[in-house]
Amino acid sequence: MSHSSEAAVKRITVPILQQWKEEGRRIAMTTAYDAVTARIADPVVDIILVGDSVGNVCLGFDDTLPVSMAMMNHHVEAVARTKPRALLVADMPFLSFHLSPEDTIRNAGGLLQRGADAVKLEGGARRAGMVRALVDCEIPVMGHLGLTPQSVNVMGGFRVQGRTSDDALRLLDDAYHLQEAGCFALVVEGIPAELAARATELLTIPTIGIGAGSDCSGQVLVLHDVLGLTQGHRPKFVRAYANGFELLQQALSRWAADVRQTAFPTPQESYRLPDNLRETIANWTPPSST
Ligand code: KIV
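Residues numbered from 1 in each chain as written. Predicted model: local features only at pLDDT ≥ 70, side-chain atom pairs only at ≥ 80, totals over all residues. Heavy atoms only, no water.

### Some thoughts on the overall build of the protein
Stated precisely, the cut-off is as follows: Helix and strand labels come from DSSP, where a helix needs a run of H or I of at least four residues and a strand needs a run of E of at least two; each type is numbered from the N terminus. Computation of the radius of gyration draws on C-alpha atoms alone. For the globule rule, the value is 2.2 Å times the number of residues to the power 0.38. Burial status follows relative accessibility: with a 1.4 Å probe on protein chains alone, a residue under 20% of its type maximum counts as buried, one over 50% as exposed, and anything between as partly exposed. Each accessible area value is a Shrake-Rupley result obtained with a 1.4 Å probe; residue values ignore everything except the protein chains displayed when judging cover. Working convention for charge: Lys and Arg count positive, Asp and Glu count negative, and His plus the chain ends are omitted. Here the site of a charge means NZ on Lys, CZ on Arg, CG on Asp, or CD on Glu.
For the protein, the helix and strand inventory stands at 12 helices and eight strands. On C-alpha atoms alone, the protein measures out to a radius of gyration of 24 Å, which is more than a quarter above the 19 Å that the 2.2 N^0.38 rule sets for 290 residues. Of all 290 residues assigned to the protein, the portion counted as buried reaches 45%. Accessible surface computed for the protein: about 16,000 Å², of which carbon and sulfur atoms make up 55%. The distance from the centre of the 26 positive side-chain charges to the centre of the 32 negative ones in the protein is 3 Å.

In structure tokens form, the structure reads like this:
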């Protein structure tokens, strides 16, 4: 495995990821939804995903279904303004790539015009036609198979996929068709590790796993999960590297306590009037109302 290209890489591109698959070099991908999270993630990862997970992570929805193109456009613009070095992939939300090739191309093209380098869409062979239509318009597409959150109602919940022989073989067939349709990479989510490993071995494009074991070409986790900012049920594939929620809340508590004890702000944290103006403002009184 050669990492000789590492120092020379200024911006991560689709062909670079293909090269890394050939070299066996692992890919790190995380989400960002705004300029702050993009600046945290960009020096660290290879791919930034503006995921439709913004719906449940940041916007308070129970799932990703209510996320609209307007919301995705807004968050992609915020992340793109930071001009990341990482490849910037934007999720196509529910119903934005189902209606017609024209609608799909317009929605995906709009994400690229706002600064995304590529789009990601969920679904298997049934979506291959839409993938082809996008690739024909020079829009790079990342596929997404397995536990696809936009299919929550069909799956009957967020359940591990590909555990029966029919499901496992369908997933491999879907992966193959997405690659043939022109996808440059494939997210595989919530599937047995052996199945993800087999897909990675069969495909020439990189696989990015989430809850899919270690034998993928790369891994993706939601940034807020890695930093321990999310609350509630945590799936077993999520490893939090900090207790961000508690850490940030403790910092905020110290500030609020300082405010209440008048320990914030200090004179050093305040602006001062020139001496000659102090008397001027001390002598001012409100105009008498007549
Ligand atoms: O929306 C998202 O964050 C995703 C990743 C979890 C792959 O699709």
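What follows continues from the structure just given.
### Quick look at unusual backbone geometry
Across residues other than glycine, the phi torsion is negative in most instances, and most of the peptide bonds are trans. The residue after Phe264, namely Pro265, is reached through a cis peptide bond having omega -5 degrees. With respect to the helices, strands and loops of the structure, Pro265 is situated in the loop between helix H11 (244-260) and helix H12 (275-283). For Leu95, which is not a glycine, the phi torsion comes out positive at approximately 75 degrees. Mapped onto the fold, Leu95 is located in the loop between strand E3 (87-91) and helix H5 (101-113).

### A short note on the pattern of salt bridges
What counts is decided by this rule: Here a salt bridge means any side-chain nitrogen of Lys or Arg lying within 4 Å of a carboxyl oxygen belonging to Asp or Glu.
Applying the stated criterion across every chain, the model contains seven salt bridges. A salt bridge links Arg81 to Glu77; the shortest N-O distance between them is 3.8 Å. A salt bridge links Asp167 to Arg170; the nearest nitrogen and oxygen atoms lie 3.1 Å apart. In this pair, Asp167 and Arg170 both sit in helix H8 (residues 165-181), three residues apart, roughly one turn of the helix. Via salt bridges that share partners, Glu77, Arg81 and Arg114 belong to a single interconnected network.

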